[in-house]
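Breakdown of the fold
Take a look at the letters that make up each chain.
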Amino acid sequence: MAQQERAVRTRRAVLEAAAGVFAERGYAAATIAEILQRAGVTKGALYFHFGSKAALARGVLQEQMRTEYHLPRELKLQEWVDAGMTMANRLPQEPLLLAGVRLSADLQGHDILGSTWPAWARLTSCVLTEAKQRGEVLPHVSPEETAQVFLGAWIGVQFVSQAVAGWADLDDRMAALYDHILPSIAAPAVLVRLDTAPDRGARVIAEVHEKSAALAGAPA
């Protein structure tokens, strides 16, 4: 058991170190040597978990998809908003997410590394499909088409925020994106109930942490 725990910690240390290097330098300029130095592990330990730099980059991309904050809500559209707003709040602070953005945007490496973009589009489409079945989304709306439009806009918001404000205004830009898209897809009675405030992501994250702490302190 102790050996398994060490392996898990080592893998995590490698992923986090690699994410930091990929986020700062991109895939092509990243080196295994720098990742090893940051992770504080041996080359053998790294290659035990990841057979190549490409495999390590794919591991970072896969890990990004596992880091979504999620709380069930009465409205599926609110869950969709919460997913985007928490991502916007966390992205500037978490190397794993920043690395996912940079790796996904590496068009030269797409054939080798893949991208999280299709997975995010599928996730959005699934949530919007369920929301439409519940009557939250207008009948004429195509969840698949909306997911693709939203993905393109979200990618643009990320790059503009990074270039213009060093990510400092990402919460505001994400809130504005939802405020422009939701009126065209949400049923009016649902639209007025949605919380798209710029601080929504921070509040949801705090709620998740509070619930996690309460569960950790609950008697078995």
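Attention here is on the structure that accompanies the text. On a predicted model such as this, the values are computed, not experimentally measured, just so you know.

Across its full length, the protein carries twelve helices and zero strands. Listing the helices and strands of the protein from first to last along the sequence gives α-α-α-α-α-α-α-α-α-α-α-α. For a compact globule of 220 residues, the expected C-alpha radius of gyration is about 17 Å, and the protein comes in at 19 Å, within 12% of that figure. Counting the 220 residues in the protein, one finds 46% classified as buried. Long-range pairs, those at least 24 residues apart, make up 67% of the contacts in the protein between residues at least 6 apart in sequence. Here the protein has roughly 11300 Å² of accessible surface; of this, 56% comes from carbon and sulfur atoms.

Glancing now at empty space enclosed by the protein. Unfilled space is identified by rolling a water-sized probe across the atoms. Counted under the stated rule, the structure contains two cavities of 30 Å³ or more. Approximately 90 Å³ is the volume found for the largest cavity. Among the elements of the structure, helix H6 (95–104), helix H8 (117–133) and helix H9 (143–165) are those that each provide at least two residues to the lining of the largest cavity.

To continue, consider the nonpolar core. Residues Leu77, Trp80, Leu91, Phe150, Trp154, Met174 and Tyr178 are the most contacted members of the largest nonpolar core, which totals 36 residues. If you list the elements that add at least two residues to this core, you get helix H5 (76–90), H6, H8, H9 and helix H10 (170–185). No other element matches H10, which puts eight residues into this core. In this view, Phe150 contacts Trp80, Thr124, Met174, Leu177, Tyr178 and Ile181; residues no more than four positions away in its chain are not counted. In terms of nonpolar packing, the next biggest core, distinct from the first, is built from 26 residues, Ala19, Phe22, Ala54 and Leu113 among them.

Their axes nearest at 9 Å, the elements H5 and H10 cross at an angle of 160 degrees. By the criterion of interaxial angle, the relationship of H5 to H10 is roughly antiparallel. The two elements H5 and H10 meet at a crossing, and its hand is right-handed. Taken together, the residues of H10 that come into contact with H5 (itself represented by Trp80, Val81, Gly84, Met85, Ala88 and Asn89) are Leu170, Asp171, Met174, Ala175, Tyr178, Ile181, Leu182 and Ile185.

Residues other than glycine predominantly adopt negative phi, and peptide bonds predominantly adopt the trans conformation. Positive phi, close to 75 degrees, is recorded for Trp167, a residue that is not glycine. Following the sequence through the fold, Trp167 ends up in the loop between H9 and H10. According to the relative accessible area criterion, Trp167 is buried, its value standing at 12%.

Reading the values: rules and limits
Residues numbered from 1 in each chain as written. Predicted model: local features only at pLDDT ≥ 70, side-chain atom pairs only at ≥ 80, totals over all residues. Heavy atoms only, no water. Helix = DSSP H or I, 4+ residues; strand = E, 2+ residues; numbered from the N terminus. Rg over C-alpha atoms; globule rule 2.2 N^0.38 Å. Buried < 20%, exposed > 50% of the residue type's maximum accessible area, 1.4 Å probe, protein only. Contact = heavy atoms within 4.5 Å. Areas by Shrake-Rupley, 256 points an atom, 1.4 Å probe, with all protein chains shown as cover. 1 Å grid on protein atoms, 1.4 Å probe; cavity = no way out; pocket = protein on both sides within 12 Å on 5 of 7 lines; lining within 4 Å. Points joined across faces, edges and corners; volume = space filled by probe spheres on them. Core = buried A, V, L, I, M, F, W, Y, C linked by side-chain atoms within 4.5 Å. Axes fitted to C-alpha atoms, helices over the stretch in contact; angles between N-to-C directions. Parallel < 35°, antiparallel > 145°, perpendicular 65-115°, else oblique. Left-handed = near helix turned anticlockwise from the far one by under 90°.

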